[in-house]
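Here is how the chains run, residue by residue.
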Amino acid sequence: MTIRLFAAYGLVILLLGLGYLGVSLAWRERRDLSAAPASGRQVPTGDGFLYAQFRGAQTGIPVVFIHGTAAWSENWIPTMQALELEGMRSIAFDIPPSGASSTPKGADYGRAAQGQRIKQALDHLQIGEAILAGHSFGGHVTFGAYEALGDRVKGLILVAAATGLPTQQGDPVTEAPGWLGALMKSEIARDFLASVFTHRFFTKPVLKMSIHNPAIITPELIGVYRDAVSFEGANQRFADWLPLLLTPTDHSLATNDDFYRAIKVPTLIVWGDKDNLTPPWQAERLKNLIPGSRLEYLENVGHFPHIEDPVGFRKVLMNYLNFFK
């Protein structure tokens, strides 16, 4: 009888939790895609549109900024404004599932599909050459765009970029546990995890786990990250995307050292020396693999160099970009 009572209580708590998450989901997905900042616009692609923001002149090679997980173009605006003062042109896209871009047809969030979206958006904007800059999980997307654009890419900027590289050549790739793979096959489980993943109450704790100095986690910064997942349809997009994050199956790029060795464009690698999500050994591996690449560490910085040390980050960035002026 006691076990049944506990089971009943557990079911009630679970249902209340799901109901709460459902109500809070409806509240936080309160923004239509058209409510994105007026400083940007929707750029057509082959399977929808990418929302993009622009700064600087309309000529010259642009820096194309690609954000990380649960972020969006707004995270790059301070950097883009600084580049504008230096006479540089820049573009920042909202990469699905985050931000104000549309839900892709077929819900394909893989590296190749994301790279093609960026290529098609740049084609529509009649932009030929570009410098690609990717942060965190946006590193996957950046390499997808590098593959899609080919010789049109004139430079790479890798900011605490998640690549999936093993510690050294020959090490096995860490596979997701079987139970997690089974969980990702459940639509209910994915929906539930996505609703937790995008919940406003988790924004600050996640930032505190990733940023070395918690003093910079202001209400304004928290608000920017909460806004990234506040647009309609965000929960479904994240539910479709989560298997790519938690149970990746395409290791062809992540484990192929030769891919990195074949990169011939000037490459800047920027890392926080206190990064606990993409530890510094990952930066060292990239530096050793990409010919002629330059690695710059920012001191007492975690996983968000452009946010935790904006002055130091911009200095390193401009030293690199001056080559393209």
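Residues numbered from 1 in each chain as written. Predicted model: local features only at pLDDT ≥ 70, side-chain atom pairs only at ≥ 80, totals over all residues. Heavy atoms only, no water.

A.B. asks: If you had to explain the sheet that holds strand β4 (residues 90–93) to someone new, which residues and values would you point to?
C.D. replies: Taken in spatial order, the eight strands make up an open sheet running β1-β2-β4-β3-β5-β6-β7-β8, and their pairing is mixed. Two strands lie at the open edges of the sheet, namely β1 (40–45) and β8 (294–298), each paired on one side alone. Across the sheet, the axes of successive neighbouring strands diverge by a mean angle of 25°, strand direction being ignored. Two strands pair when backbone bridges link them, and strand β3 (residues 63–66) and β4 are joined in this way by four bridges, in the parallel orientation. In the strand pairing of β4, Phe65 is matched with Ala92. (Pairing = 2+ DSSP bridges. Helix = DSSP H or I, 4+ residues; strand = E, 2+ residues; numbered from the N terminus. Axes fitted to C-alpha atoms, helices over the stretch in contact; angles between N-to-C directions.)

A.B. asks: I'd love a proper account of the environment of Gln236, names of residues and values included.
C.D. replies: The residue Gln236 is located in helix α9 (residues 234–246) in this model. For Gln236, a relative accessible area of 39% gives the class partly exposed. Between the C-alpha atoms of Gln236 and Ala107, which are 129 residues apart in sequence, the distance is 9.6 Å. (Buried < 20%, exposed > 50% of the residue type's maximum accessible area, 1.4 Å probe, protein only.)

A.B. asks: I'd love a proper account of the confidence of the model for the protein, names of residues and values included.
C.D. replies: As a note on interpretation, predicted positions should not be read in detail where pLDDT is low. Residues at a pLDDT of 70 or more form 85% of the protein, whose mean pLDDT is 86. This stretch, residues 1–20, has a pLDDT under 50; its non-local contacts, to residues over four places away or in other chains, come to three contacts. The model gives residues 22–29 a pLDDT under 50, and that stretch makes 18 contacts with residues more than four places away or in other chains. (pLDDT = per-residue confidence, 0-100. Contact = heavy atoms within 4.5 Å.)

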